[in-house]
Amino acid sequence: MGSRASTLLREEEIEEIKKETGFSHSQITRLYSRFTSLDKGENGTLSREDFQRIPELAINPLGDRIINAFFPEGEDQVNFRGFMRTLAHFRPIEDNEKSKNAAVSEPLNSRTNKLMFAFQLYDLDRDDKISRDELLQVLRMMVGVNISDEQLGSIADRTIQEADTNGDNSISFNEFIKVLEKVDVEQKMSIRFLH
Amino acid sequence: MAWFTIPVENLMCRCLCIFITVWLTLLIVFIMVPAVLGISFGIRRLYMRTLLKIFEWATSQMEMGAKEKNQQLYNPCNGIIAKKPPTSLQQDLQELRGSASCPRSEPQFEMADIFFFCRRGVESILDDEVTKRFSSQELDSWNLLTRSNYNVRHISLRLTVIWGLGVLVRYGVLLPLRVTLAVTGIGLLVVLTTLVGFLPNRELRFSLSEKIHLMCHRICVRALTAIITYHNRENKPKNGGICVSNHTTPIDVIILANDGCYSMVGQVHGGLMGMIQRAMVKSSPHIWFERSEVKDRHLVAKRLSDHVADKTKQPILIFPEGTCINNTSVMMFKKGSFEIACTVYPVAIKYDPRFGDAFWNSSKFGMVYYLLRMMSSWAVVCSVWYLPPMNREEGEDAVQFANRVKAAIAAQGGLVDLIWDGGLKRAKVKDAFKEEQQNLYSKVLLGEQDEGDLGDEQHLEDENPEEDERNQDPTKEQ
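Per an unreviewed UniProt entry, chain B goes by the name Phospholipid/glycerol acyltransferase domain-containing protein and belongs to Champsocephalus gunnari. Per UniProt, chain B has the following entry under Sequence similarities (unreviewed entry): "Belongs to the 1-acyl-sn-glycerol-3-phosphate acyltransferase family." UniProt's Subcellular location (unreviewed entry) comment on chain B is quoted here verbatim: "Membrane".

Looking at an unreviewed UniProt entry, chain A carries the name EF-hand domain-containing protein, with the source organism given as Champsocephalus esox. Turning to chain A, the UniProt record has this under Sequence similarities (unreviewed entry): "Belongs to the calcineurin regulatory subunit family. CHP subfamily."

As structure tokens, this is what we get:
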């Protein structure tokens, strides 16, 4: 109650997040406000239930995978830094030219990092390759009960066949990049944040 | 000269007596009598205008302060992201793939499809239509209440002094006054309705109880310093109809009952609420349900229909959303009250958030705390529009009728018309909606053309029979 976003987040923290993610001061403040509104437990971190409370996310077929992407390996809570780090993947690439920190090695929202984010949505066990099984599971999440197992299996097989170049029957990150080289990833995986 | 020998305590006693007498006289003359007679001196509107000027001054002060420090004021009203207008899943995916849909022998899947769901998902994490409806609306200018200030850094000394004065006035003067009035209003209601209930003559009972209800509601309205503007009074609900309205707070009831007599619908409560309910029902036909009866749709529908069929009975007041929403949108109307064959009188209520946040966030604070908050805000300013009566048309089912009424109310009140269920405040969204999304995606995979694709609209199916005030808002304040 009472004072909110702009006072609970310290200036130093905002500066650090700015350097790491490239968001502007006002964007960080506004995102912090959103973070606290989702944080029903008011303990400074979000749990999976907090995300699932968003109806539009709950009805998204890949909702659970997206939520999972926010949580580091084995953890059940994500703090504001982690939240921002994940969201930074969705900053438009053009924004980087306006930012002053050219010293960052590879910004979180580079094409490669965006593709890595998408790759990790498929890679369920985080072993850096998408196996046939994992692909099937993700496909099943997206289509529900509307497509039969055989059809889904053949879709998965075909997809792996087209992408797999080294014959290990799974898709590595490099093979994934190759498959999507013609897709405008920058535009499809970017969200326009207002200043 | 003997005057000087009177000890100080006596003097103070006398001063106190004079003060109390004056205070009570003012109270009675300026508040009680107009309430009883239904006239207004216009004091509250003057108060409202003065307050607005002060708020504007306060905001400009803060802006000046921020400019000096070379920073910007945090304005919560701008969105976080720029959202595209919602298009159908099919259109978006085809845009993604860059190909037109045509029936294919084999389903075509592309790994890039995931981007579509991914972006949608993250957009909803950043800014979704539903969760923000269950918390207070944010203001773009400060109204001298700590509870709505986001720019605490920019408050100058001058502003702090004014704020301090404001606190003194609100808690020291207004709050006790309002509490006194509220207690008087409720007390009178209980006592008088019980007395009237003993009268044998039905006609006399009815007309007297109407007057009593109106009078007590007017006192309660003054207890909240509610400044209400009624529009289109010629459309006021008539006997034998149902009045539906959007729901923001339990005070909605008082605001509507200030201008007309309605039959309330609700659950029977215990304690103080129960006593008030029992008293009210002695003199006029309110509909109170036992907890067990609420689940029985037919019983509920029957009782409502019976009431409506009797033309001597007042119109029923129902809030079809079933829960309090924060007055920026109207959420799904439960179809129960639209199944009854009678005229529906829609009413739109819009609160002005600058004077005090009227929304009751029942998950955050209880009823008593909420009322104290309301009584320590500046005022409750709202507009009430009576919309022209609507009837169910041929071939229209209850859900469509409900949506039509909802659209009319949203349009009039300047609220966003949502199809999401207000019950999502507490409950999880139904799996059926996710299945619908999966269904739509499958169709795209298989290359099927879907004429009936409504995009992301959900087909509604409600389970709850009644949309009256439930356990979370034990509202019967009168």
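Novice: Where do I start with the UniProt feature "domain: Phospholipid/glycerol acyltransferase" (unreviewed entry) in chain B in this structure?
Specialist: In the UniProt entry, the feature "domain: Phospholipid/glycerol acyltransferase" (unreviewed entry) is given for residues 241–352 of chain B. Structurally, residues 241–352 of chain B is divided into 33% helix and 25% strand, and its ends, taken at the C-alpha atoms, are 28 Å apart.

Novice: Mind showing me how you'd approach the sheet that holds strand β5 (residues 316–318) of chain B here?
Specialist: Pairing between sheet strands relies on hydrogen bonds along the backbone, with the strands arranged either parallel or antiparallel. All names here are of chain B. With respect to topology, seven strands assemble into an open sheet ordered β1-β8-β7-β2-β5-β3-β4, the strand pairing being mixed. Since the sheet does not close on itself, it has two edges, and those belong to β1 (226–231) and β4 (287–289), each with one partner. Geometrically, the sheet is characterised by an average inter-axis angle of 25° between neighbouring strands, direction not taken into account. As judged from the three bridges shared by strand β2 (residues 241–245) and β5, these two strands associate in the parallel manner. Residue pairing across strands places I242 opposite I316, the latter belonging to β5. In the packing of helix α10 (residues 297–309) onto the sheet, the strands contacted are β2, β3 (263–267), β4 and β5, and the crossing angle to β4 comes to about 170°.

Novice: Help me out: how do you make sense of the interface of chain A and chain B in this one?
Specialist: Interfaces are often sized by the amount of accessible area the parts lose when they come together. Listed per partner, the contact involves 62 residues of chain A and 56 residues of chain B. Of the roughly 5,500 Å² buried where chain A meets chain B, counting both sides, 68% is carbon and sulfur surface. With a shortest N-O distance of 2.8 Å, R34 of chain A and D128 of chain B are connected by a salt bridge. Taken together, the residues of the side of chain A that touches chain B break down into 38 nonpolar, 13 polar and 11 charged.

Novice: Can you help me understand the packing of helix α3 (residues 25–38) of chain A against helix α4 (residues 113–126) of chain B in this one?
Specialist: The packing of two helices is summarised by the inter-axis angle and the distance between the axes. Contact geometry for α3 of chain A and α4 of chain B: axes closest at 9 Å, N-to-C directions at 85°. Viewed along their axes, α3 of chain A and α4 of chain B adopt a mutual orientation that is roughly perpendicular. Counting all contacts with α3 of chain A, which are made through L31, R34 and L38 of chain A, the residues of α4 of chain B involved are S124, I125 and L126 of chain B. Residues that form the contact of α3 of chain A with α4 of chain B fall into these classes: four nonpolar, one polar and one charged.

Novice: Can you walk me through the UniProt feature "domain: EF-hand" (unreviewed entry) in chain A in this structure?
Specialist: Residue and element names in this part refer to chain A. As recorded in UniProt, the sites labelled "domain: EF-hand" (unreviewed entry) are residues 26–61, 110–145 and 151–186. With 61% helix and 6% strand, the stretch residues 26–61 has end C-alpha atoms that lie 32 Å from each other. As annotated, residues 151–186 comprises 61% helix and 6% strand, and the C-alpha atoms at either end are separated by 31 Å.

Novice: What is the right way to look at the pattern of salt bridges in this model?
Specialist: For side chains of opposite charge, pairing can occur when their charged atoms come near one another. Residues and elements named next belong to chain A. Counted according to the given criterion, the structure contains 25 salt bridges over all chains. With its nearest N and O atoms 3.1 Å apart, the salt bridge here joins R10 to E12. A relative accessible area of 47% means that R10 is categorised as partly exposed. What makes E12 partly exposed here is its relative accessible area of 45%. Here E186 ties to R111 by a salt bridge, and the two come within 3.3 Å at their closest N and O atoms. Of this pair, E186 sits in helix α13 (residues 185–188) while R111 sits in helix α9 (residues 111–122), placing them 75 residues apart in sequence. By relative accessible area, which is 24% here, E186 ends up partly exposed. Within the structure, one salt-bridge network assembled from shared partners comprises E16, E20, R81 and R85.

Novice: Please explain the environment of M32 of chain B as it appears in this structure.
Specialist: Residues and elements named next belong to chain B. Position of M32 relative to the elements: it lies in helix α1 (residues 8–37). Along the sequence, M32 and A379 sit 347 residues apart, while their C-alpha atoms lie 18 Å from each other. Ignoring any residue separated from it by four or fewer positions in sequence, one finds M32 in contact with L27, L181, T184 and I219.

Novice: Can you help me understand the nonpolar core in this one?
Specialist: Proteins that are soluble and globular tend to have nonpolar side chains buried together. Counting residues in hydrophobic clusters, the biggest one holds 72 residues, and the most contacted among them are F51, F83 and F176 of chain A together with F109 of chain B. The dominant element in this core, judged by the number of residues it contributes, is α4 of chain B, at eight residues. Those residues within four positions of F83 of chain A in sequence are excluded, and the remaining contacts are L31, F35, L46, F51, F70 and V78 of chain A together with I125 of chain B. If you look at the next biggest cluster of nonpolar residues, it comprises 56 residues, including I31, V221, A279 and W360 of chain B.

Novice: I tried to follow the pairing of strand β8 (residues 380–386) of chain B on my own but got confused; where do I start?
Specialist: Both faces of the sheet carry side chains from a regular strand, because those side chains alternate between them. Residue and element names in this part refer to chain B. The element β8 is extensively covered by neighbouring structure, given that seven of its seven residues are classed as buried. Side chains of β8 alternate between two faces, with V380, C382, V384 and Y386 and V381, S383 and W385 buried alike. By the bridge criterion, six bridges tie β1 to β8 in an arrangement that is parallel. Paired with H231 across the strands is W385, a residue of β8. Sheet topology note: the strand β7 (residues 343–352)/β8 ladder contains six bridges and is antiparallel. Bridging from a neighbouring strand, Y351 pairs with C382 of β8.

Novice: So what exactly am I meant to see when it comes to a nonpolar patch on the surface here?
Specialist: All names here are of chain B. Residues I18, V22, L26, I28, V29, F30, V33, V36, L37, I39, F41 and I43 make up a contiguous nonpolar surface patch of about 1,100 Å² in total accessible area. Looking at which element gives the most residues to the nonpolar patch, the answer is α1, with nine residues. By secondary structure assignment, the location of V33 is in helix α1. Relative accessible area serves as the criterion here: at 36%, V33 is assigned to the partly exposed category.

Novice: Honestly, the confidence of the model for chain B in this entry has me stumped. Any pointers?
Specialist: Any segment with low pLDDT has predicted coordinates that should not be analysed in fine detail. Residues and elements named next belong to chain B. Put simply, chain B has an average pLDDT of 80, and 85% of its residues get 70 or more. Scored below 50 in pLDDT, residues 451–478 makes 96 contacts in the model with residues more than four places away or belonging to other chains. Here the predicted complex carries an ipTM of 0.90, next to a pTM of 0.79.

Novice: How should I be thinking about unusual backbone geometry in this particular structure?
Specialist: Comment: phi is negative for the bulk of residues other than glycine, and the bulk of peptide bonds are trans. A positive phi angle is found at R126 of chain A, which is not glycine, with a value near 55°. Inspection of the secondary structure assignment puts R126 of chain A in the loop between α9 and β3 (129–130). Positive phi values are uncommon outside glycine, yet N327 of chain B reaches one of about 70°. Summarising the element assignment, N327 of chain B is placed in the loop between β5 and β6 (329–330).

Novice: Looking at this structure, I do not really get helix α11 (residues 367–375) of chain B. What am I missing?
Specialist: Every α-helix winds through 3.6 residues per turn, so residues three or four apart in the chain are directed the same way. Within α11 of chain B, the full set of buried residues consists of M367, Y370, L371, R373, M374 and M375 of chain B. Those residues of α11 of chain B that are buried lie in contact with α5 (157–197), α6 (202–223), α7 (251–257) and β8 of chain B.

Novice: Sorry, what's going on with the packing of aromatic side chains here?
Specialist: Aromatic ring pairs: the centre-centre distance and the angle between the two ring planes describe each pair. Taken as a whole and judged by the stated rule, the model has 24 aromatic pairs over all chains. Here the aromatic rings of F90 of chain A and F117 of chain A are separated by 5.1 Å at their centres, their planes lie at 85°, and the arrangement is edge-to-face. Linking F90 of chain A in the loop between α7 (80–87) and α8 (95–98) with F117 of chain A in helix α9, this pair joins segments that are 27 residues apart in sequence. For the pair formed by F90 of chain A and F117 of chain A, the shared burial category is buried. Relative to Y370 of chain B, the ring of W360 of chain B has its centre 6.1 Å away and its plane inclined at 40°; by these criteria the two rings are tilted. Of the two residues, W360 of chain B is situated in the loop between β7 and α11 and Y370 of chain B in helix α11; the sequence distance between them amounts to 10 residues. Overall, W360 of chain B belongs to the buried group, its relative accessible area being 2%. Overall, Y370 of chain B belongs to the buried group, its relative accessible area being 1%. Ring pairs connect the aromatic residues Y32, F35, F51, F70, F71, F80 and F83 of chain A, which therefore count as one cluster. The ring of F71 of chain A carries the charged tip of R48 of chain A above its face, separated from the ring centre by 4.4 Å.

Here is what the cut-offs are and how they apply
Per chain, residues are indexed from 1 in the order of the written sequence. Each chain gets a letter, beginning with A, and each ligand a number, beginning with 1, in the order they are written. This being a predicted model, a pLDDT of at least 70 is required before a residue's local features are given, and a value of 80 or more before pairs of side-chain atoms are given or counted; all residues contribute to the totals for chains, interfaces and linings. Only hydrogens and water are set aside when side-chain values are computed; all heavy atoms of the structure are taken into account. UniProt positions are given in the numbering used here, feature names are shortened, and annotations may be inferred rather than shown by experiment. Runs of E in the DSSP output that reach at least two residues are strands. Runs of H or I that reach at least four are helices, and both are numbered from the N terminus. Strand pairing follows a simple DSSP-based rule, namely that at least 2 bridges must link the two strands. Interaxial angles span 0 to 180 degrees and are taken between N-to-C directions of axes, which are lines fitted to C-alpha atoms, for helices over the stretch in contact. We call two residues in contact whenever any of their non-hydrogen atoms come within 4.5 Å of each other. Note on terms: buried area is the combined drop in 1.4 Å-probe accessible area of two parts once they are placed together, counting the loss on both. When a carboxyl oxygen of Asp or Glu is within 4 Å of a side-chain nitrogen of Lys or Arg, the pair counts as a salt bridge. All residues other than Ala, Val, Leu, Ile, Met, Phe, Trp, Tyr, Cys, Pro, Asp, Glu, Lys and Arg, Gly among them, are scored as polar; the first ten of these are nonpolar and the last four charged. Oblique is the label for every angle not falling under 35 degrees (roughly parallel), over 145 degrees (roughly antiparallel), or within 65 to 115 degrees (roughly perpendicular). Accessibility here uses a 1.4 Å probe with only protein chains present; expressed as a share of the type maximum, an area under 20% marks a residue as buried, one over 50% as exposed, and anything in between as partly exposed. For the purposes of this section, nonpolar cores are sets of buried Ala, Val, Leu, Ile, Met, Phe, Trp, Tyr and Cys residues that join through side-chain atoms within 4.5 Å. Patch rule: a residue counts if its relative accessible area is over 30% and it has no salt bridge; like charges are joined within 9 Å, and nonpolar side chains (Val, Leu, Ile, Met, Phe, Trp, Tyr) within 5 Å. In these tables, accessible area is a Shrake-Rupley quantity obtained with a 1.4 Å probe, and a residue counts as shielded only by the protein chains included in the view. A score between 0 and 100, pLDDT records how confident the predictor is in each residue. Pairing of aromatic rings covers Phe, Tyr and Trp, the last counted by its six-membered ring, and requires centre-to-centre distances within 6.5 Å; plane angles under 30 degrees mean stacked, over 60 mean edge-to-face, and any other angle means tilted. Note on criteria: charge over ring means Lys NZ or Arg CZ within 6 Å of the ring centre, with the direction from the centre no more than 35 degrees off the ring normal.

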